[in-house]
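Listed below are the residues making up each chain.
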Amino acid sequence: MPQNLDRCIALPGFRHRGSLQVDSVQRWMDDLRHMTEVECMCVLQAKPIGVEEDSQHGELVVTSGVGAGDHVARNNLQTLLRRALVVSTELGKMFQRLEKGRWQRVHSTAVRANCHVRSLVHEYSAARSIPPDMQKYEKSLLEKCMELTNITERCLHTDDEFFLKSMREAIHDILTDVSDSFSNMIDMALANEIQVLIKQIESSDNTSTIGTSINNLLSLTQDGPQLCSIIAKEGAVVALFKICRQDRFRELYAHALRTVASICSVEEGINQLDKVDGILCLADILTDENSVEAARAEAAAVVAQITSPHHTSTQHLASFLESMHDIVTALIKLCESASCGEVFLLASAALANITFFDSMACEILLQLNAVHILLQACKDQQRVDTPYSKDQVVTILANLSVLEPCASEVLQEQGVERLLLLLGEKPSSPSPSEGAACERVQQKAAVTLARLSRDPDVAQTAIQLKAVPRLIQLCRSPTERNNSDSVLVACLAALRRLAAGCPSSISAADHQQLIKPRLVDSFLLCSNMEESFV
């Protein structure tokens, strides 16, 4: 909830009976001030900066003067979201102030919330035809807001603690009802506006019109998972895949699929994709030689999204397995031919996710010479140019390394040298996300090295390339491992694997502290080390 939004308004304190008339007038003026400010705000929002000749009177949106007619639905949605945030903020303040028994502020906040809600309902009703179900919510909401204003006013005229306690419970119940009703009404209003955009996509034959509607939908998906769920429930995924199945709209495939990827960040979006056989459509686009790179990259983004380990539902993966060979083949080809870092990142992220949930994908990748393709890509800064891309590469290698044939391929491609370089990955900026990506790269590089070192040839190569001193440095120096405990555990495991095959590669002191104790004891020792110890 946004903080520090309170206005510093002087409200009358305890009222003496002898000055009741003066205090009543003062209170009325204070309440009027709240109402006036809200109404002024509404008028200012309704003032167009540039007026189109065909602009409708009473529109909820502020027009921009350029293509305003094409953006009415999007602007209505964005305005609804802004106004909804204002009301939600006021209701949140009321809950806090009610708990503290600050009755003056409770009432003044109720007045402001009431004005905001009435203004929003009035403007939206003037701009759109309202469905009957939504009209019922509006009427109920306005009645509850008025009841809230009236009941909070009663609490200003008494100091009876018993009465105020009972009123606090009643106000809390009403406030909860208001919050729920307002949330339901806003969801209906948002759904109503989203339907307008989806109908434009479904009914128009004009590429420009459809493209504008798709871009508007895409911008709305950036406002959070709740809006993505509403967009999915209103049938956006179905409409977008209809576009992706028509050759005449090929130039829109990339935009449509980018929007689908955003919607599929929520379970409802994935469910809708599964219902329309979206995975088959993705496979067709990925394997179509006539598809432009941008469309294939966005199809890869959708695959990465729906195969993310973060999703709790896996029902859709059953249909994915049917097309997995074709999709994996197309993705590794896209990694090999990618013209830029973003395309490589999307394709490799999809492959990384796929290798987590089915070992058959790893076998397919080995058959497709994936180790060679990925390690060669690491040498190309045009394709692998960030820790995020390296994270995907080393994730795939870590999952492939459980298969015995992987070791010989890694050796052949000088992959051990690459793993040691990845162990030294450092962030180039103070960005927390980049720092986290570097930690994942280091951790997975150590995991991959440990797994591959089951092969004596890999272990011997790693020792010759001075992997042991590097792993010891990572264990003993927190800054070398970006202060990551997960990197420490992975490095200890890799070090122990190498030491098992070649004990002479580790000094007696290091063996005593890093190899001989239990793993947890070595971990505690290293995690508590100061830099001066090194």
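Nothing here was measured: the structure is a model prediction, and the numbers come from that model.

Each value, and the rule that gives it
For every chain, the first residue of the written sequence is number 1, and numbering continues from 1 onward in sequence order. Local features in this predicted model are restricted to residues whose pLDDT is 70 or higher, and side-chain atom pairs enter the listing and the counts only when it is 80 or higher, whereas totals over whole chains, interfaces and linings include all residues. Heavy atoms throughout the structure, all of them, feed into the side-chain values; hydrogens and water do not. Each helix corresponds to a stretch of at least 4 residues labelled H or I by DSSP, and each strand to a stretch of at least 2 residues labelled E; elements are numbered beginning at the N terminus. When a residue's accessible area, from a 1.4 Å probe over protein chains only, is under 20% of the maximum for its type it is buried; when over 50% it is exposed; and in between it is partly exposed. Any Lys or Arg side-chain nitrogen located within 4 Å of an Asp or Glu carboxyl oxygen qualifies as a salt bridge. Centres within 6.5 Å are what make two rings of Phe, Tyr or Trp a pair, Trp counting through its six-membered ring; a difference in plane orientation under 30 degrees is then read as stacked, over 60 as edge-to-face, and the rest as tilted. Counted as positive: Lys and Arg. Counted as negative: Asp and Glu. His and the chain ends are not counted at all. The contact definition used throughout considers only heavy atoms, calling two residues in contact when any of these lie within 4.5 Å. Take the buried residues of types Ala, Val, Leu, Ile, Met, Phe, Trp, Tyr and Cys, join any two whose side-chain atoms come within 4.5 Å, and each joined set is a nonpolar core. Reported domain spans reflect what an automatic or database domain assignment gives.

Draft legend 1. Here's a closer look at the environment of Ala 436. You can see Ala 436 is positioned in helix α21 (residues 432-452). Of the residues examined, Ala 436 reaches a relative accessible area of 29% and is grouped as partly exposed.

Draft legend 2. A look at the pattern of salt bridges. All chains considered together, the criterion is met by 14 salt bridges. The shortest N-O distance in the salt bridge between Glu 90 and Arg 112 comes to 3.2 Å. Residue Glu 90 is located in helix α2 (residues 72-100), and its partner Arg 112 is located in helix α3 (residues 103-127); the two are separated by 22 residues in the primary sequence. Relative accessible area serves as the criterion here: at 6%, Glu 90 is assigned to the buried category. The class for Arg 112 is buried, based on a relative accessible area of 4%. Between Asp 521 and Arg 518 there is a salt bridge, and its shortest N-O distance comes to 3.1 Å. A relative accessible area of 57% places Arg 518 in the exposed class. Among the charged side chains, a network of salt bridges with common partners joins Glu 90, Lys 93 and Arg 112.

Draft legend 3. Spatial organisation of the packing of aromatic side chains. In this structure the tally under the stated criterion is 1 aromatic pair. Their ring planes at 65 degrees and their centres at 5.6 Å tell us that Phe 320 and Phe 357 sit as a pair that is edge-to-face. In this pair, Phe 320 is assigned in helix α13 (residues 317-322) and Phe 357 in helix α15 (residues 341-357), connecting sequence segments 37 residues apart.

Draft legend 4. Spotlight on the side chain of Glu 409. Examined against the element boundaries, Glu 409 turns out to sit in helix α19 (residues 405-412). Despite its burial, Glu 409 remains without a salt bridge, the nearest opposite charge being carried by Arg 454 at 13 Å. Ignoring anything within four residues of it in the chain, the contact list for Glu 409 reads Leu 366, Asn 369 and Val 371.

Draft legend 5. Focus on the nonpolar core. With 159 residues, the main nonpolar core has Phe 241, Leu 273 and Leu 331 as its most contacted residues. It is helix α5 (residues 161-203) that contributes the most residues to this core, 16 residues altogether. Counting residues domain by domain, this core receives three or more from each of domain 1 (70-191) and domain 2 (412-533). Once residues lying within four places of it in the same chain are set aside, the contact partners of Leu 273 are Val 237, Phe 241, Val 260, Cys 264, Gly 278, Ile 279, Leu 282, Val 302 and Ile 306.

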